[in-house]
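Chain by chain, the residues run as shown.
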Amino acid sequence: MGCSKWRVAFNFGHLKVQSKLSVFFTMIILFTYLFYCLNGFCDSLPRPVFDQRSLLHGGIILTDGRDAENLGGALNASPASVVRQHLPDLPTGDAPFNISVANTFGSKKFPQAIIIGVKKGGTRALLEFLRIHPDVRAVGAEPHFFDRFYEKGLEWYRNLMPRTLEGQITMEKTPSYFITKEAPRRVFSMSRHTKLIVVVRDPVTRAVSDYTQTLSKSPGLPSFRSLAFRNATTGLIDTSWSAVRIGIYAKHLENWLRFFPPSRFLFVSGERLVSDPAGEMGRVQDFLGLKRVVTDKHFYFNQTKGFPCLKKPEGSSRPRCLGKSKGRPHPQIPAEVLLRLRDFYRPFNLKFYQMTGHNFGWD
Ligand SMILES: Nc1ncnc2c1ncn2[C@@H]1O[C@H](COP(=O)(O)OS(=O)(=O)O)[C@@H](OP(=O)(O)O)[C@H]1O
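Conventions we followed
- Residues numbered from 1 in each chain as written.
- Predicted model: local features only at pLDDT ≥ 70, side-chain atom pairs only at ≥ 80, totals over all residues.
- Heavy atoms only, no water.
- Helix = DSSP H or I, 4+ residues; strand = E, 2+ residues; numbered from the N terminus.
- Buried < 20%, exposed > 50% of the residue type's maximum accessible area, 1.4 Å probe, protein only.
- Contact = heavy atoms within 4.5 Å.
- Areas by Shrake-Rupley, 256 points an atom, 1.4 Å probe, with all protein chains shown as cover.
- Salt bridge = Lys/Arg side-chain N within 4 Å of Asp/Glu carboxyl O.
- Pairing = 2+ DSSP bridges.
- Phe/Tyr/Trp six-rings, centres within 6.5 Å; stacked < 30°, edge-to-face > 60°.
- Lys NZ or Arg CZ within 6 Å of the ring centre and 35° of its normal.
- Near = heavy atom within 4 Å.
- Polar contact = N/O pair within 3.5 Å; in protein donor to acceptor, adjacent residues only side chain to side chain.
- 1 Å grid on protein atoms, 1.4 Å probe; cavity = no way out; pocket = protein on both sides within 12 Å on 5 of 7 lines; lining within 4 Å.
- Sits in = over half its atoms within 2 Å of the grid points.
- Nonpolar A, V, L, I, M, F, W, Y, C, P; charged D, E, K, R; others polar.
- Disulfide = S-S within 2.5 Å.
- Points joined across faces, edges and corners; volume = space filled by probe spheres on them.
- Core = buried A, V, L, I, M, F, W, Y, C linked by side-chain atoms within 4.5 Å.

> Just checking my understanding: could you explain the overall build of the protein for this structure?
Secondary structure summary: the protein contains 13 helices and 11 strands in total. Going through the 363 residues of the protein one by one, you find that 48% of them count as buried. A sequence separation of at least 24 residues applies to 70% of the contacts in the protein between residues at least 6 apart. When the accessible area of the protein is evaluated, it comes to approximately 17,700 Å², of which 59% is carbon and sulfur surface.

> How should I be thinking about the pattern of salt bridges in this particular structure?
Any two side chains of opposite charge can pair, on the condition that their charged atoms come close. With the rule as written, the count across this model stands at 16 salt bridges. With a closest N to O distance of 3.6 Å, Arg346 and Asp363 form a salt bridge. You can see Arg346 sitting in helix α13 (residues 335-356) and its partner Asp363 sitting in the segment after α13, a full 17 residues away along the chain. Beyond isolated ion pairs, a larger network of salt bridges with shared partners links Arg272, Asp276, Glu280 and Arg283.

> Explanation requested: the pairing of strand β5 (residues 169-173) in the structure shown.
Regular strands place their side chains on alternate faces of the sheet. Summarising burial for β5: 5 of the 5 residues are buried, a large majority. Alternating residues of β5 divide into Ile169, Met171 and Lys173 and Thr170 and Glu172, and every residue in both groups is buried. Pairing geometry for strand β2 (residues 113-117) and β5, over 3 bridges, is parallel. Bridging from a neighbouring strand, Ala113 pairs with Met171 of β5.

> What should I look at first to understand helix α4 (residues 123-130) in this one?
Structurally, the α-helix is built with 3.6 residues per turn, so residues lying three or four positions apart point the same way. For α4, a buried count of 8 out of 8 residues is recorded, marking the element as mostly surrounded by other parts of the structure. By the burial criterion, the buried members of α4 are Thr123, Arg124, Ala125, Leu126, Leu127, Glu128, Phe129 and Leu130.

> Please explain the packing of aromatic side chains as it appears in this structure.
Two aromatic rings are characterised by how far apart their centres lie and by the angle between their planes. Applying the stated criterion across every chain, the model contains 28 aromatic pairs. Ring geometry for Phe267 and Phe352: centres 5.5 Å apart, planes at 90 degrees, overall edge-to-face. In this pair, Phe267 is assigned in strand β9 (residues 265-269) and Phe352 in helix α13, connecting sequence segments 85 residues apart. In terms of burial, Phe267 and Phe352 fall into one category: buried. Between the NZ or CZ atom of Arg158 and the centre of the ring of Phe110, over which it lies, the distance is 5.9 Å. Sitting above the plane of the Phe287 ring, Lys195 keeps its charged end 5.5 Å from the centroid.

> What exactly am I supposed to notice about the site of the ligand here?
Around the ligand sit 27 residues in total, of which Thr123, Lys173, Ser209, Gly327 and His330 are the nearest. A distance of 3.0 Å is found between an oxygen atom of the ligand and a backbone nitrogen or oxygen belonging to Gly122. Contact distances for the ligand include 2.8 Å between a nitrogen atom and a backbone N or O atom of Pro308. Within the complex, 98% of the 640 Å² of free accessible area of the ligand lies under protein. Comparing atom positions with the cavity grids shows the ligand to sit within the largest pocket. Among the elements of the structure, α4, α7 (203-217) and β11 (307-310) are those that each provide at least two residues to the shell around the ligand. At 4 residues, the largest contribution of residues to the shell around the ligand is made by α4. For the shell around the ligand, the per-class residue count stands at 8 nonpolar, 8 polar and 11 charged.

> Help me understand the state of the cysteines, please; the structure alone is not making it clear to me.
One way to say it: the disulfide is the covalent bond shared by the sulfur atoms of two cysteines. Evaluated as defined, the whole model comprises 1 disulfide. In this model, Cys309 is linked to Cys321 through a disulfide, with the two sulfur atoms separated by 2.0 Å. Residues Cys309 and Cys321 are joined through a disulfide that is right-handed, its torsion about the S-S bond being 105 degrees. Here Cys321 lies in the loop between β11 and α13 and Cys309 lies in strand β11, a separation of 12 residues in the sequence. Note on accessibility: Cys309 and Cys321 belong to one class, buried.

> Explain the environment of Ile333 to me, please; I cannot follow it from the model alone.
With respect to the helices and strands, Ile333 occurs in the loop between β11 and α13. The exposure class of Ile333 is buried, given its relative accessible area of 9%. With 108 residues separating them in the primary sequence, Ile333 and Arg225 have C-alpha atoms 7.6 Å apart. Apart from residues no more than four positions distant in its own chain, Ile333 is found in contact with Val208, Phe224 and Leu338.

> Please explain the layout of surface pockets as it appears in this structure.
The computed volume of the largest pocket comes to approximately 480 Å³. If you go around the largest pocket, you meet 28 residues; those closest to its centre are Gly122, Arg201, Phe307, Lys326 and Gly327.

> Is there a simple way to think about the nonpolar core in this case?
Soluble globular proteins: nonpolar side chains tend toward being buried together. Counting 30 residues, the largest nonpolar core has Ile116, Phe146, Tyr157, Tyr177, Trp256, Phe265 and Phe352 as its most contacted members. Looking at this core, the elements that each hand over two or more residues are β2, α5 (154-160), α6 (183-190), β6 (195-200), α10 (249-257), β9 and α13. Counting residues in each nonpolar core, the second largest holds 27 residues, with Phe129, Ile132, Leu266 and Phe299 among its members.

As C-alpha cells, then:
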C-alpha cells in the first residue's frame, strides 16, 4: 500500500516534471520561432536583400554563385506593395522590409518586363533599385528559364513568379538571355508584348569585370591578355572567349530585333546607373509605365564602396549596398591590351549606337 502510494506520488511527480519540461521546450521553440520571424527569416515573402547570402530555391539555381552575395533570401520582391494595400498610411517609397505577411494575395503572372542583359552590366543594381517601387514585384534569383530550363515548361516558369495585384508588374532578370540564340523566339512565344530591358556597359570594362568574376572563382586562371588574344603578335582578338563575345552587343541585338520591334526595348547605361542612378531609374519607370516613385531621395553615394547605395528605410538597420561581388576592384590589365580591345569593339559599338539611337560614349 505504502509502496503504491509512493509509486503514485513518484509517477505524479514524474508527470509534473514531464509536463513542465514539455512546456519549457514548447516555450523555447515558440521563442526561437518568434525570434526568427521578428528577424524576417520566416517570411513567406522574402524581401529584397542586400549583402546577404543566397540560396537554391524552388529549383532556381544562382548562376555560378554569381549573385549569391547579394540575393539573400530574395526570391520575391518586397511585400511592400501587398502590405501597403492593407496599411494605407505607410509612407510610399521605402518598403517596410521587416514586416512579414502571408503570400496569399494576387496571382502569379508571366513577367511583363524582363532584364535580359548584359552580364556584368549592372543588372542586379537595376533590379534591386526597381524593387523599391511598390508596383514592381520580382524574382530575386535568376530563373534562367529561356536559356537553361526551357524544357520545364511555361507553367514551371510562371510558378516561380511572385504574386501580383492588379496594376503591379512582374519582373525577373537573367543577363544571359541577351546572348542566347533561342531566347528571343522563346520570350516572343510567351508574350510578344514583353518589355525588354538591357543594361549595357562599356564592353571593355565589362570584359574585365567578367574576367574578375571568373578569376575570383579560379585563381589559377591564365592572364586576361592570354585569353583575350588568339594571336598576341598580330593582336587578333579571340571572339570565342565569352568575356569578349558578350560585348559585341550589336550582334546579339540583331537576333532580338528579328522578333521584337525597337520600341519594346529600353537600353540602360550601366555607367549612368552608377553616376546618376535616379536619372536612369526615371527612364526605366517611364518605360514600364510606372509612376516615378524611385527618385534621388532613395540613393546616397557610399564612399567606401564607391557606388550608389540605397538609403536605409526608417526603422531598418539593414545594409543597403549591393554585395561584395558587385563593384569589386578589377585587376590591372596592360594598357595596350585594353587599347587593342577598344579598337576591336569600336565598329560594333558604332553599329549598336545606330541600332539603339543612343550614343553610350564608350569610345
Ligand atoms: N550600385 C551599385 N553597386 C554595386 N555595383 C554596381 C552598382 N551599380 C552598378 N554596379 C555594377 O554592377 C556590376 C555587376 O553587374 P551585374 O549585376 O549585371 O552582374 S551579373 O551579371 O549579375 O553577375 C558591377 O561590376 P564590377 O564593378 O565589375 O563588380 C558594378 O560595376
